[in-house]
Amino acid sequence: MRQGIHTISFIGLGLIGTSLMQALKHAGEATGRNIEMVGFDPGFNEKDIAAITDNFGLDRFETDPAQLYAADLIVLCAPVLANIALLETVKQHAPADALITDVSSTKAEIATRAEKLELNFIGMHPIAGREQQGYCAASPELLCERMVILCSGDRLPESGHAAELVELLRTASCNVAAMSPADHDRIYANISHLPQLVSTALMQHCRDNVEHSGPGFASATRLAGSPWPVWCDIVRTNRDNIADNLAAFSSLLANLAEEVRNDNIEALDARFREANELYQRLQERGCS
Ligand SMILES: O=C(O)C(=O)C[C@]1(C(=O)O)C=C[C@@H](O)C=C1
């Protein structure tokens, strides 16, 4: 049996799949390896295949599952529920020693399904994105200095394809961290899924005055441009955590409204001071 990652298959060649493919290709080259990048996307026509091969580093577009899944590492890059559905096909075709991962934004449901199917699976979540979709908006820079969560439990994997994946991600300048799927979904409901829904709701709430808006409103609502097909699956696979966060945030907003109405300057000053300090810390970490 040959050792190491020589071939990676990407199922779904959108923004994240293509950016990750390019980043791992470059990381392989930087460490003296030519990793073959194989991919499939059901929405692709001949023009897309030519463009992604010529400009984004895809080596082979494969429609035959036997060829597509014959890889050392398989990365599922479709929306979460589609990735979950794909696990059956992966089980059928993937070599026994292949590592299966995904780039979905929720991790518990897919991990449970993969465990039931006894797959060699570790979920992954690159904390990177933009409101544009599709491979045309992809770039390996998208992942540079960004966190990538591997749902391998308390510790990052130390052997096999999974350890090699960690090494490739680090070479691509990603900050790789480990956590459990349940912790992931709880944390990202708060720090990612809530901000998305708040941005969407803010855009709706201010609909009548959008034409009068300035740069402040534009930066507060950038995420309102995010694609629903992706977010539909995220919301559906992390419902309780997201609903809990929305409820807690609504009560914070209710308190804020009271403070404004009652001219509670002290409370408002404390809020601005805390938020300013947190913002400053984020800037210092280079997370803007
Ligand atoms: O900046 C964006 O447009 C994002 O998509 C960002 C963001 C995030 O919350 O940071 C949103 C969801 C993804 O799972 C990862 C990244």
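Refer to the structure printed above.
The following refers to the structure shown. Quick caveat: nothing in here was measured; it's all calculated off a predicted structure.

Conventions used here
- Residues numbered from 1 in each chain as written.
- Predicted model: local features only at pLDDT ≥ 70, side-chain atom pairs only at ≥ 80, totals over all residues.
- Heavy atoms only, no water.
- Buried < 20%, exposed > 50% of the residue type's maximum accessible area, 1.4 Å probe, protein only.
- Helix = DSSP H or I, 4+ residues; strand = E, 2+ residues; numbered from the N terminus.
- Arc of directions from axis to C-beta.
- Polar contact = N/O pair within 3.5 Å; in protein donor to acceptor, adjacent residues only side chain to side chain.
- Phe/Tyr/Trp six-rings, centres within 6.5 Å; stacked < 30°, edge-to-face > 60°.
- Near = heavy atom within 4 Å.
- Areas by Shrake-Rupley, 256 points an atom, 1.4 Å probe, with all protein chains shown as cover.
- Nonpolar A, V, L, I, M, F, W, Y, C, P; charged D, E, K, R; others polar.
- Salt bridge = Lys/Arg side-chain N within 4 Å of Asp/Glu carboxyl O.
- Pairing = 2+ DSSP bridges.
- Axes fitted to C-alpha atoms, helices over the stretch in contact; angles between N-to-C directions.
- Right-handed = clockwise from strand over helix to strand, strands pointing away.

### Let's talk about helix α2 (residues 46-55)
Then, in step 1: Within α2 the residues assigned to the buried category are Asp48, Ile49 and Ile52. One side of α2 carries all its buried residues, which in axial view fall inside an arc of 100 degrees. For α2, exposure combined with an orientation more than 90 degrees from the buried face picks out Glu46, Lys47, Asp54 and Asn55.
Then, in step 2: Structurally, the start of α2 carries an N-cap: the backbone nitrogen of Lys47 is 3.0 Å from a side-chain oxygen of Asn45.
Then, in step 3: Gly57 sits one or two residues past α2 and shows a positive phi near 85 degrees.

### A look at the packing of aromatic side chains
Then, in step 1: One pass over the structure, following the stated rule, counts four aromatic pairs.
Then, in step 2: When the ring of Phe56 is compared with that of Tyr135, the centres are 5.5 Å apart and the planes differ by 85 degrees; the resulting orientation is edge-to-face. Here the residue Phe56 occupies a position in the loop between α2 and β3 (60-61), and Tyr135 occupies one in the loop between β6 (124-126) and β7 (147-150), the gap between them amounting to 79 residues.
Then, in step 3: Residue class for Tyr135 comes out buried when judged on its relative accessible area of 9%.
Then, in step 4: The rings of Phe40, Phe44, Phe56, Phe61 and Tyr135 are connected pair by pair, giving a single aromatic cluster.

### Overview of the site of the ligand
Then, in step 1: The full set of residues close to the ligand is Ser105, His125, Pro126, Ile127, Ala128, Gly129, Arg130, Glu131, Ser192, Arg222, Leu223 and Trp231.
Then, in step 2: One of the backbone nitrogen or oxygen atoms of Arg130 is found 3.3 Å away from an oxygen atom of the ligand.
Then, in step 3: Between an oxygen atom of the ligand and a side-chain N or O atom of Arg222, the distance comes to 2.8 Å.
Then, in step 4: Isolated, the ligand exposes 370 Å² of accessible area, and the fraction of that covered by the protein chains is 80%.
Then, in step 5: Residues belonging to the shell around the ligand are distributed by class as follows: five nonpolar, four polar and three charged.

### Topic: unusual backbone geometry
Then, in step 1: Its identity as a non-glycine residue notwithstanding, Glu118 has a phi of 55 degrees, on the positive side.
Then, in step 2: In this structure, Glu118 sits in the loop between α5 (108-116) and β6.
Then, in step 3: One non-glycine residue with positive phi stands out, namely Glu145, at about 65 degrees.
Then, in step 4: Along the chain, Glu145 falls in the loop between β6 and β7.

### Looking at the pattern of salt bridges
Then, in step 1: Counted by the stated rule, this structure contains eleven salt bridges.
Then, in step 2: In this structure, Glu164 engages Arg33 in a salt bridge whose closest nitrogen and oxygen atoms are separated by 2.4 Å. In this pair, Glu164 is assigned in helix α6 (residues 160-171) and Arg33 in the loop between α1 (15-30) and β2 (36-40), connecting sequence segments 131 residues apart.
Then, in step 3: Here Glu164 falls in the buried class, since its relative accessible area comes to 13%.
Then, in step 4: Between Glu88 and Arg113 there is a salt bridge, and its shortest N-O distance comes to 2.5 Å. Within this pair, whereas Glu88 is found in helix α4 (residues 80-93), its partner Arg113 is found in helix α5, the two being separated by 25 residues in sequence.
Then, in step 5: With relative accessibility at 41%, the residue Glu88 sits in the partly exposed group.

### Section: the sheet that holds strand β8 (residues 175-178)
Then, in step 1: As summarised here, the arrangement of the three strands in space is β6-β7-β8, forming an open sheet in which the pairing is mixed. The open sheet has two edge strands with one neighbour each: β6 and β8. Strand after strand, the sheet turns through a mean of 20 degrees between neighbouring axes, direction not considered.
Then, in step 2: Pairing of β7 with β8, which is carried by four bridges, proceeds in the parallel orientation. When the sheet's bridge partners are listed, Val148 is paired in β8 with Val176.

### Topic: the pairing of β7
Then, in step 1: Here β6 runs beside β7; their pairing, made up of three bridges, is antiparallel. In the sheet register, Met124 faces β7, and the bridge partner there is Leu150.
Then, in step 2: Taken together, β7, α6 and β8 constitute a β-α-β crossover, and its handedness is right-handed.

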